[in-house]
Each structure stands twice: as C-alpha cells, then as structure tokens.
Amino acid sequence: MASKVALRMKPVSFSIASRRSISSLAATSLRGTVKPSPAIAIVPKKPQCLPRPLLRQSFRRGYADAPQATLSPTPKPKKRFRFFRFIWRVTYLSTCALIGYTGYQIWEGRNPAEQFEPDPSKKTLVILGTGWGSVSLLKNLDTENYNVVVISPRNYFLFTPLLPSCTTGTIEHRSIMEPIRNILRHKKARVKFYEAEATKIDYEKRIVYAKDDSDIKGDTMETEIPFDMLVVGVGAENATFGIPGVREHACFLKEVGDAQKIRKQIMDCVETATFKDQTPEEIKRLLHMVVVGGGPTGVEFAGELQDFFQEDLLKWVPQIKDDFHVTLVEALPNVLPMFSKQLIEYTESSFKEEHIDIRTKTMVKNVTDKYIEAEIQKPDGTKGIEKIPYGLLVWATGNALRPLVKDLMQQIPAQKNARRGLEVNEYLVVNGSENIWAVGDCAVANYAPTAQVAAQEGAFLARLFNTMAKTDALESELKQLSAKQATAKPDDRTVVLNEINERQRQLRRVKQIGPFQYSHQGSLAYIGAEKAVADVSWFSGNIASGGTMTYLFWKSAYLSMCFSTRNRVLVAFDWVKAKFFGRDVSRE
C-alpha cells in the first residue's frame, strides 16, 4: 500500500522569475515530458505565518529586487533629435508651400482672365508715364469705373533701385523690366495703351498731344487724345546745372539705355588701356572711373563698380591691378545726406577700406572729353581749380523739369512761381486746376523725389479715384430714388425713404478719405563688398545698421519690392548666376 506523504510548505515570497519557472514546469508536466511520482502528492496548504497584506507587500518587494536583466520595460522614445526633426518638417512644408505659391503666381500671370469693354459714358482718365507713381496708380485702380488711357514712350516699368547692378552685369536689365501690358492685361476692364511721347497738354481744351517716334513707322505721327481727368507722372530729366560739357561727355544713370552704355564703356576703357604702346599716363586716365553725386545712386554704382573690379576684372585682366581706380565726387560735405551721421561715417570708412576715393566739397565747373575741372577747398580754407582726368564719367545727381511740364506750368497762372515742378495740394491736385493731378518727380509735394514717395502717391490716387467713382454712383442712385419717391404711392414711400437713408449713410462713409500723408519706411543703400546701410523706421523711431547682415536685408527687401513674381525669380537667378559664374566681361 502506497503511503501518502503530506509536505508542509513554508510561505515564500515568489519573484517573477520563480513564478515563470513554475508555470513552465507545470506546462511541461501537462505535455507529459515530466511525470510526477504517483507515490508523492503535493498538497498545498494555506500560509499561516503571513497574512494576505503582508504577502502582497513581500511580493512587491521581491518584484522590485528582481535583477534588471530579467525585466522587459517599454523602451522610451529618444528625444535627442526631436527638435531637428521638427525643424526639418517645418522647412520641408514651408518650401513646398513656397514652390506651390510661386507656381500659382506664375500660372496666374501667364493666364489672364477675359476683360470687358468699359462703359463709354464714363469719364476718360488719361495717365502719362509708366514710372513708379503711374504704375502704382494702375495697379490699385478699379479700371471698370473709368475709360483709362495710358501714354508713355516706354512700354515697361523699370525697377530703378537695382539699375546700378545692371551696369556691371550683376543683374541683367530685362530682369528688372516689367512689360506694362502684363499689368494692364490683368485689370478687369480693358485699358488702352499708346507707346508715344506726350508733347503738349492743352489745359483749356482738355487735350493731350502725343507723337509716335518708332523707327519702323518712319514719319512722325501726332495725334490728339481728349481727357476728363489727367494724371501727370512723366518724371524728370537729369539735371546738369548748366555745367558745360556734361550732356556731351558724361553718362547718366536713369534708364536702361544708360546702364547698357555704361557697361559697354567700362569694357572699352579696360580693353583700350591694355592696347599696345599705351603711355602710363593714358592708362591711368582710362582706368580712372569718376562718379559725380553722393546720393544712393552714385554710392551704389561706385560700390558695384569696385566689386566688379575686385571679383572679376582682376581675374581676367590682372595687368590693370595697379591702375584701376574709382573716385566719388560730391559737392556737399558728406555723402548720403539723407542717412544718419553714424551710417555716413560707416560708409566713408568702408569706402576707404575698399580703396574708393571720396572727394567731398568738390564742385564740378567744366567737363571735357578727358578730364573735369572741379573747384576744391584747400586745407587752408582757400578754393582752387583742379583737373581730374577720367576714362568713364557717370553723372548721378539732380533732377530737371521736362519740357512738357514746363509748358503746362506756363498755361496755369497759379504755377507761375513754381520752379522745381508742378505744385500740388494735399490731394495731389495741381494748384490752379480741377481735373489734373501730378505724382512722382514732376510734382512738388514737400517730400524728397524718391521712388517710395511716388509709389505711395500713386496708391493714394487710386483710392481717391475709386472713392470718387463710388460717390458718383451713389449720388446718381440718390437722384433716381428722390424722383421715385416723389411719384410713389403712400404705401411704397416708406420703403423708398429707407433706401434713400441707406444710400446717404453709404455716401458719408465713402467720402471719409483724408489727404495724402507720406509714411517713410526707411532708406537703403548698397556700399560694396557685400555691405549695405539701412535707416529703417521702426514704430516711433529708426533703426540704423550697416554690414553684411544689412546687405542680406537689402537683398530681401528689394526682392520683395520687385513688381511681379517673374521679376523676383529672374533677379534671384541673376544673383545666383553672378555668385557662381561671375560677371560677364565681354563687350556687348
């Protein structure tokens, strides 16, 4: 008879490893790999030494004391590269959004919507010029309110702040030109454009006389264009101040043709200076580049020219190293008079580092084909005349009235004392007239003649003309409602009166447009060697800065100011091309 042995087991605190081993043993027993002895039976007995709470605490302590190798905790995510992943995702999404937006802008620019013919019964608005003021007006004007006619000798808008970069090949001139028909074609109502020069404005008859000078037409043809409203935005000419020889021998920097002429003459001077048997004096004269005018245009051109020499000409024409020289001539005591004193000193010190000579308090008196005669102030305070030889002379100072503006001023008695341009009131209406406005360099509005001022004047006129059109429409509706109210039945009269009150409220809101107020956004100027100066308005004060970071700001600001997406893309490509491949030194 088999004896049964009952084993009494002491209470034990099991760890997870122990419990797993027991479970595995039980499993193998069930599978039959280990057979328990029939003579021995394990009889579990309730523990008598430890109560249940203490057993649970003992189990938790055993779990905590278990070796870490036997545990399998959930792996924690790595936080080391989470920030960089976030930056990458933001950059990726921003790039995709920018590419998509640019693509849409390009598609929209290439596919204009259908236009409708304006109402012939509406007023005829004639705009002269395609400069900053006129184009800003066209961009913001609701052309369906008027019969708009544009007259200009050039069929494009020129982004003049980047014109100095075209003289050295940093930017191609077509990259900063926006065809005027691209602008007009995207307006709701059709706009007529005539590529012609306005020769005379008849104020009494309200007629503009224009002639077509195109070479293909042959004979000059003059036509009459009547107007109800006229905007004069023809700009100004280069001022020579009556100095002999300036117009015959100097290069100006105002139009695309001027930049192309300067670019060609720079290479002419270089190639002629390297010609066989040239005397040392002649070589120095040919390679001496003189810039007259210490404003932003003159300073930027001098910086661009020195960059061209340092970065490109020295590589391909190294023999001109000791003779190439740039001189900036200014009649005032310092350059960039519209900037702060700190930035003026920074510009002068930067020019000194770049070996650009600044001749302040030097007034040009005469210009010949090989030298200029300038009045200088000697150290002892006396004045004398000095001859400065040059190979290239660029005249970048002052504005003068165009003959068209002079003739109009003579027709209006209120303009007889005007000297610098058409004097206008706070709404840019030409003094002494009712239906003529003036914007840009041809107008005198107590502000500096800059592109920023002209652009804001054009935008103001667009708002003014849009308001005038809405006012005329509301007044016409009020007349019709008044006539309707007089003959309306008693029951309908209340409805008509409510409509009249509503139109009157709309009319009061529409008429609330104040006079023109210029908001100065700041001044920028490139000074060469990838440096720029900026005097930017910020809240109630100004921020003055200069250096390489300001140069990057200068680039981004001018890129954003370009008129269209097409211009921005082309200018950006030109900058990249010049950086990687250099400027072209061939003579066009």
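Computed from a predicted structure; not experimentally measured.

Remarks on the confidence of the model for the chain
And then number 1: For the chain, the mean per-residue pLDDT works out to 86, and 85% of the residues sit at or above 70.
And then number 2: When the criterion is pLDDT under 50, residues 1-43 qualifies, and its contacts beyond four places in sequence or with other chains add up to 18 contacts.

Focus on unusual backbone geometry
The general pattern is negative phi for most residues beyond glycine and trans for most peptide bonds.
And then number 1: Residue Lys361 is not a glycine yet carries a positive backbone phi of 55°.
And then number 2: For Lys361, the location among the structural elements is in the loop between strand 14 (356-359) and strand 15 (363-367).
And then number 3: Look at Lys361 and you get partly exposed, because its relative accessible area is 42%.
And then number 4: Phi is positive for Asn446, which is not a glycine, with a value near 65°.

Focus: empty space enclosed by the protein
And then number 1: Counted by the stated rule, this structure contains three cavities of 30 Å³ or more.
And then number 2: The space that makes up the largest cavity amounts to roughly 60 Å³.
And then number 3: In terms of lining, the largest cavity is formed by Cys166, Ile171, Glu172, His173, Ala259, Gln260, Arg263 and Glu588.
And then number 4: For the lining of the largest cavity, the element with the highest residue contribution is helix 8 (residues 256-273), accounting for three residues.
And then number 5: Taken together, the residues of the lining of the largest cavity break down into three nonpolar, two polar and three charged.

Re the pattern of salt bridges
And then number 1: Within the structure shown, the criterion is met by 15 salt bridges.
And then number 2: Taking the shortest distance from any N to any O, the salt bridge between Arg583 and Glu311 comes out at 2.9 Å. Placement of the pair is Arg583 in the segment after helix 16 (565-581) and Glu311 in helix 10 (residues 296-316), with a sequence separation of 272 residues.
And then number 3: For Arg583, a relative accessible area of 10% gives the class buried.
And then number 4: Judged by relative accessible area, Glu311 falls into the partly exposed class, the value being 33%.

Describing the sheet that holds strand 16 (residues 371-377)
And then number 1: Spatially, the three strands line up as an open sheet ordered 15-16-17, and their pairing is antiparallel. Bordering the open sheet on either side are strand 15 and strand 17 (383-389), each of which pairs with just one other strand. Here the average twist between neighbouring strands, direction ignored, is 30°.
And then number 2: As paired elements, strand 15 and strand 16 share four bridges and run antiparallel to each other. What sits directly across from Asn366, in strand 16, is Glu373.

Let's talk about the UniProt feature "transmembrane region" (unreviewed entry) in the chain
And then number 1: The UniProt record annotates "transmembrane region" (unreviewed entry) at residues 86-107.
And then number 2: With 100% helix and 0% strand, residues 86-107 has its two end C-alpha atoms placed 32 Å apart.

Section: the side chain of Ser350
And then number 1: Tracing the sequence through the fold places Ser350 in helix 11 (residues 341-353).
And then number 2: For Ser350, a relative accessible area of 2% translates into the label buried.
And then number 3: When near neighbours in sequence (up to four residues on either side) are disregarded, Ser350 contacts Ile527 and Lys531.

Some thoughts on the environment of Gly398
And then number 1: By the secondary structure assignment, Gly398 is in the loop between strand 18 (392-395) and strand 19 (399-400).
And then number 2: Classification of Gly398 as partly exposed rests on a relative accessible area of 35%.
And then number 3: In the structure, Gly398 is positioned 159 residues away from Ala239 in sequence and 4.9 Å away in space, judged by C-alpha atoms.
And then number 4: Apart from the residues within four sequence positions on either side, Gly398 is in contact with Glu237, Asn238, Ala239 and Phe241.

Points about the packing of helix 15 (residues 548-561) against helix 16
And then number 1: Contact geometry of helix 15 with helix 16 gives a least axis separation of 9 Å together with a crossing angle of 150°. One finds that helix 15 runs roughly antiparallel with respect to helix 16. Considering only the axes of helix 15 and helix 16, their crossing is right-handed. Side by side, helix 15 and helix 16 meet where Trp554, Lys555, Leu559 and Ser560 of the first sit next to Arg568, Val571, Ala572 and Trp575 of the second.
And then number 2: In the contact of helix 15 with helix 16, the residues fall into five nonpolar, one polar and two charged.

Scoring rules and cut-offs
Residues numbered from 1 in each chain as written. Predicted model: local features only at pLDDT ≥ 70, side-chain atom pairs only at ≥ 80, totals over all residues. Heavy atoms only, no water. pLDDT = per-residue confidence, 0-100. Contact = heavy atoms within 4.5 Å. Helix = DSSP H or I, 4+ residues; strand = E, 2+ residues; numbered from the N terminus. Buried < 20%, exposed > 50% of the residue type's maximum accessible area, 1.4 Å probe, protein only. 1 Å grid on protein atoms, 1.4 Å probe; cavity = no way out; pocket = protein on both sides within 12 Å on 5 of 7 lines; lining within 4 Å. Points joined across faces, edges and corners; volume = space filled by probe spheres on them. Nonpolar A, V, L, I, M, F, W, Y, C, P; charged D, E, K, R; others polar. Salt bridge = Lys/Arg side-chain N within 4 Å of Asp/Glu carboxyl O. Pairing = 2+ DSSP bridges. Axes fitted to C-alpha atoms, helices over the stretch in contact; angles between N-to-C directions. UniProt positions renumbered as here; feature names shortened; annotations may be inferred. Parallel < 35°, antiparallel > 145°, perpendicular 65-115°, else oblique. Left-handed = near helix turned anticlockwise from the far one by under 90°.

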